[in-house]
Amino acid sequence: MNDIAFLLSTAMVYGMPLLYAALGGVMSENSGVVNIGLEGIMTLGAFVAAWVAYVVGNPWLAFAASGLAGALLALVLAIAAVSFQGNQTVVGTALNFIGPGVALFLSRKAFDGAAQTINLLMEQKMPRPFRGVFPENSFLGILLNQDLGVYLAFALAFAIWFLLYRTRTGLRIRACGEHPHAAASLGIHVKRTRYLCVLSSGVMGGFGGAMMSTAVASNFFPGLISGHGFIALAALIFGRWKPQGALGACLVFGFAKGLTVLLGSKAVAINSSLLAMLPYVVTLLILMFTSKNSAAPAADGIPYRDAQ
């Protein structure tokens, strides 16, 4: 039972940073803007969170700062793609270079030329609300001993589902992603809606990076994100651009990662490099068999131009 609890716990630890970024993608793409710059946004958010947590010592300020950093980077996408109708794929690709570059530059400036931040102490990280509530090695003790950010990710997934499918605002967002000109004819400000959704995707991508550097790891280093932003995009597609689908996809990836860690800890006779590939292979296989049935919002990735 402890192995099962460990797998489920690890699935949440590794899945929730992806979920933050994937939910950001859900918001952006439902409004009609493709944000493939989540990798760069997560990287910058991871550095800012680790830096602020080390300097200030307050994990909540660090979390908020990571969201602000992500929003500032996403603002580049919003200006280029929404205001100037630029190619969203090209701009997003640029963000994936800008984010790590800025993070590395700031790290070297702030930490005497080092490419990584100093390890955080336990009190500089998010609290674990269920620590000590259950016996240490019990099923619930292992499963629920999570940073508060993990539980916030579940709550955020529900909140975004409610926003998109149970409110008038969500209907307007989805209208901008499906039929923007029809939405505009009904008085919806398409560009403003897309701006807000792209900025929110940056905030959530920054939160995902913060989880990586302050929960999964205890510091920032250049290879920390290493493709997790792209896995979040895959989860978005696998989840059919819906928050509940993205949640399930991220947990599947987290479970595969947990299986890798568990097998590695038991010294199973499998090459470590093959074990490390497992989560990415699982993601690729899922995409191969599910992407043909996935349909993005009709106007996703198509620049909107005001009617003349």
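This text goes with the structure placed above it.
So, a few notes on the structure that sits alongside this text. The structure displayed is predicted, hence computed values, not measured ones.

What follows covers the side chain of D147. When you line up the elements, D147 lands in the loop between α5 (139–143) and α6 (148–166). On the basis of relative accessible area, D147 is assigned to the buried category, the value being 5%. A distance of 3.5 Å separates the side chain of D147 from the side chain of R128, its partner in a polar contact. Here D147 is in contact with M126, P127, R128, T214 and A215, once residues within four sequence places are set aside.

The subject of this paragraph is the pattern of salt bridges. Any two side chains of opposite charge can pair, so long as their charged atoms come close to each other. For the structure shown, the criterion picks out 1 salt bridge. Between R128 and D147 there is a salt bridge, with the nearest N and O atoms lying 3.5 Å from each other. Of this pair, R128 sits in the loop between α4 (88–110) and α5 while D147 sits in the loop between α5 and α6, placing them 19 residues apart in sequence.

So, about unusual backbone geometry. Phi angles above zero are rare outside glycine, and D112 is one such case at about 55 degrees. On the secondary structure map, D112 appears in the loop between α4 and α5. Relative accessible area serves as the criterion here: at 79%, D112 is assigned to the exposed category. Although it is not a glycine, W241 sits at a positive phi angle of roughly 65 degrees. For W241, the position within the fold is in the loop between α10 (228–238) and α11 (243–265).

Note that T10 resides in helix α1 (residues 2–30). In contact with T10, other than residues within four places in its own chain, are G15, G254 and G258.

Definitions and cut-offs
- Residues numbered from 1 in each chain as written.
- Predicted model: local features only at pLDDT ≥ 70, side-chain atom pairs only at ≥ 80, totals over all residues.
- Heavy atoms only, no water.
- Helix = DSSP H or I, 4+ residues; strand = E, 2+ residues; numbered from the N terminus.
- Buried < 20%, exposed > 50% of the residue type's maximum accessible area, 1.4 Å probe, protein only.
- Polar contact = N/O pair within 3.5 Å; in protein donor to acceptor, adjacent residues only side chain to side chain.
- Contact = heavy atoms within 4.5 Å.
- Salt bridge = Lys/Arg side-chain N within 4 Å of Asp/Glu carboxyl O.

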